[in-house]
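Survey of secondary and tertiary structure
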Amino acid sequence: MNTKINIAIDGYSATGKSSTAKRVAKKLGYLYVDSGAMYRAVTFYLLENGVDIHDVAKVVEALPKIIIDFRYDHAEQRMHTFLNGEDVEDDIRQLHVSQWVSEVSAISEVRKVMVQQQQALGKNKGVVMDGRDIGTVVFPEAELKFFMTANYDIRTVRRKKELLEKGKEASEREILENLKKRDHIDSTREDSPLTKAADAIEIDTSNITLEDQVNLIYDYAMRKTNSI
Ligand code: CDP
């Protein structure tokens with residue numbers, strides 16, 4: 001038997017969630033969904049359109065105007081995030097967006113709309129989704145859940161490298177401050193705080209390679225699908 005399952009990967013920023021989730025999905029022939037990209041796209045829209053993110057009424061008014069979808073870029077062999085039909089994949093990764101995204105994603109009305117879309121994407125199973133609340137709120141019934149951590153030094157280095165690959169410079173100090181600030185907001189917000197689901201498997205990625213992370217999760221997935 002090879003029944004499809006949903007795999008939730010939650011954890012802190014720059015712990016390797018997205019890179020791992022993407023590769024696991026590819027190996028399994030599953031759909032990869034980057035839920036953080038959706039919150040980033042909303043934030044980018046609000047910033048671009050001068051919507052005050054502290055004015056919840058204005059943010060709610062803007063929500064119906066924000067259409068997010070993911071399209072596969074065959075040349076680059078990776079998913080790109082589209083906002084109202086435009087490719088914003090690189091724009092949403094800027095530190096400027098990272099600086100506001102946790103405030104935006106703490107707004108319950110924003111979460112409600114995003115979670116509905118995420119649940120719709122996973123309703124037929126066969127999805128690997130990474131984020132902060134996937135195992136706790138979006139797919140509490142996911143067959144497999146992981147929670148990724150890593151130390152701050154490693155996370156800072158990884159994020160710097162990632163930004164440089166996209167041609168964006170940021171100092172280590174700026175990056176570290178942003179990671180700490182987001183950890184704090186994400187973990188202490190009232191709605192769906194970042195927390196490890198009781199049944200999630202914790203992986204500290206500080207000292208393991210990306211390949212090992214991918215294989216570890218892939219092996220769990222194979223065992224799970226073969227046992228269903
Ligand atoms: O790429 P990085 O790990 O830095 O973060 P991300 O996954 O792109 O998520 C950006 C931000 O979106 C997080 O810091 C959270 O504030 C928010 N987020 C969330 O609230 N819930 C999710 N399921 C995913 C992201």
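Please refer to the structure higher up on the page.
So, here's what we can say about the structure.

Reading the values: the criteria
- Residues numbered from 1 in each chain as written.
- Predicted model: local features only at pLDDT ≥ 70, side-chain atom pairs only at ≥ 80, totals over all residues.
- Heavy atoms only, no water.
- Pairing = 2+ DSSP bridges.
- Helix = DSSP H or I, 4+ residues; strand = E, 2+ residues; numbered from the N terminus.
- Axes fitted to C-alpha atoms, helices over the stretch in contact; angles between N-to-C directions.
- Contact = heavy atoms within 4.5 Å.
- Left-handed = near helix turned anticlockwise from the far one by under 90°.
- Nonpolar A, V, L, I, M, F, W, Y, C, P; charged D, E, K, R; others polar.
- Parallel < 35°, antiparallel > 145°, perpendicular 65-115°, else oblique.
- Expected span 1.5 Å × (residues − 1).
- Buried < 20%, exposed > 50% of the residue type's maximum accessible area, 1.4 Å probe, protein only.
- Phe/Tyr/Trp six-rings, centres within 6.5 Å; stacked < 30°, edge-to-face > 60°.
- Lys NZ or Arg CZ within 6 Å of the ring centre and 35° of its normal.
- Salt bridge = Lys/Arg side-chain N within 4 Å of Asp/Glu carboxyl O.

1. Brief notes about the sheet that holds strand 1 (residues 6-11)
The five strands are arranged 2-6-1-7-8 in an open sheet whose pairing can be described as parallel. Of all strands in the sheet, those bounded by a partner on one side alone are strand 2 (31-34) and strand 8 (201-204). For this sheet the average axis-to-axis angle between neighbouring strands, irrespective of direction, equals 20°. The sheet contacts of helix 1 (residues 17-28) involve strand 1, strand 2, strand 6 (127-131) and strand 7 (144-149), and relative to strand 6 the element is tilted by about 180°.

2. Here we look at the sheet that holds strand 3 (residues 68-73)
In space, the three strands of this open sheet follow the order 3-4-5, with antiparallel pairing throughout. Because the sheet does not close on itself, it has two edges, and the strands there are strand 3 and strand 5 (86-87). With two bridges joining them, strand 4 (residues 78-83) and strand 5 adopt antiparallel strand pairing. Pairing of Leu83 across the sheet is with Glu86, part of strand 5.

3. So, the packing of helix 7 (residues 152-165) against helix 8 (residues 172-188)
Contact geometry of helix 7 with helix 8 gives a least axis separation of 9 Å together with a crossing angle of 115°. Regarding helix 7 and helix 8, the two cross each other, and that crossing is right-handed. Where helix 7 abuts helix 8, its residues Tyr152, Arg155, Thr156, Arg159, Lys160 and Leu163 lie against Glu172, Ile175, Leu176, Leu179, Lys180, Arg182 and Asp183. Of the residues assigned to the contact of helix 7 with helix 8, the class counts are five nonpolar, one polar and seven charged.

4. Digging into the packing of helix 2 (residues 35-48) against helix 4 (residues 95-105)
Where helix 2 contacts helix 4, the axes come no closer than 9 Å and their chain directions differ by 105°. Considered as vectors, helix 2 and helix 4 are oriented roughly perpendicular to each other. For the pair helix 2 and helix 4, contact is made by Tyr39, Arg40, Val42, Thr43, Phe44, Leu46 and Leu47 and by His96, Val97, Ser98, Trp100, Val101, Val104 and Ser105, respectively. When its residues are assigned to classes, the contact of helix 2 with helix 4 shows nine nonpolar, four polar and one charged.

5. Describing helix 8
Look at helix 8: 24 Å from first C-alpha to last across 17 residues, which is about the 24 Å you get at 1.5 Å a residue. All of the buried residues in helix 8 are Ile175, Asn178, Leu179, Arg182, Asp183, Ile185 and Asp186. Lining the buried residues of helix 8 we find helix 2, helix 4 and helix 7.

6. Concerning the packing of aromatic side chains
Between two aromatic rings, the relevant description is the distance of the centres plus the angle of the planes. The final tally for this structure, using the stated rule, is two aromatic pairs. For the ring pair Tyr12 and Phe147, a centre distance of 5.9 Å and an interplane angle of 75° mean the geometry is edge-to-face. Within this pair, whereas Tyr12 is found in the loop between strand 1 and helix 1, its partner Phe147 is found in strand 7, the two being separated by 135 residues in sequence. Overall, the relative accessible area of 22% leaves Tyr12 in the partly exposed class. On the accessibility criterion, Phe147 (5% relative accessible area) is buried. Here Phe146 and Tyr220 contribute two aromatic rings whose centre-to-centre distance is 5.5 Å and whose plane-to-plane angle is 70°, an arrangement assigned as edge-to-face. One end of the pair, Phe146, is in strand 7; the other, Tyr220, is in helix 9 (residues 210-227), and 74 residues separate them in sequence. A cation over a ring is seen here: Arg71 above Phe82, with NZ or CZ 4.0 Å from the ring centre.

7. Here's the deal with the pattern of salt bridges
Under the counting rule described, the total for this entry stands at 15 salt bridges. The partner of Arg93 in a salt bridge is Glu89, with the nearest N and O atoms 3.0 Å apart. Of the two residues examined, Arg93 and Glu89, each falls in the buried class. Among the ionic pairs, Glu165 bridges to Lys161, the shortest N-O distance being 3.6 Å. With Glu165 and Lys161 both in helix 7 and four residues apart, this pair spans about one turn of that helix. The same class applies to Glu165 as to Lys161, namely exposed. Salt bridges linked by common partners bring Asp34, Glu76, Arg78, Glu89 and Arg93 together as one network.

8. Thoughts on the pairing of strand 3
Of the strand pairs in this sheet, strand 3 and strand 4 are connected by six bridges, and their pairing is antiparallel. Pairing of Asp69 across the sheet is with Phe82, part of strand 4. Hairpin connection, strand 3 to strand 4: the antiparallel pair is bridged by four residues, and Gln77 has positive phi, about 55°.

So yeah, pure geometry; function would need other evidence.
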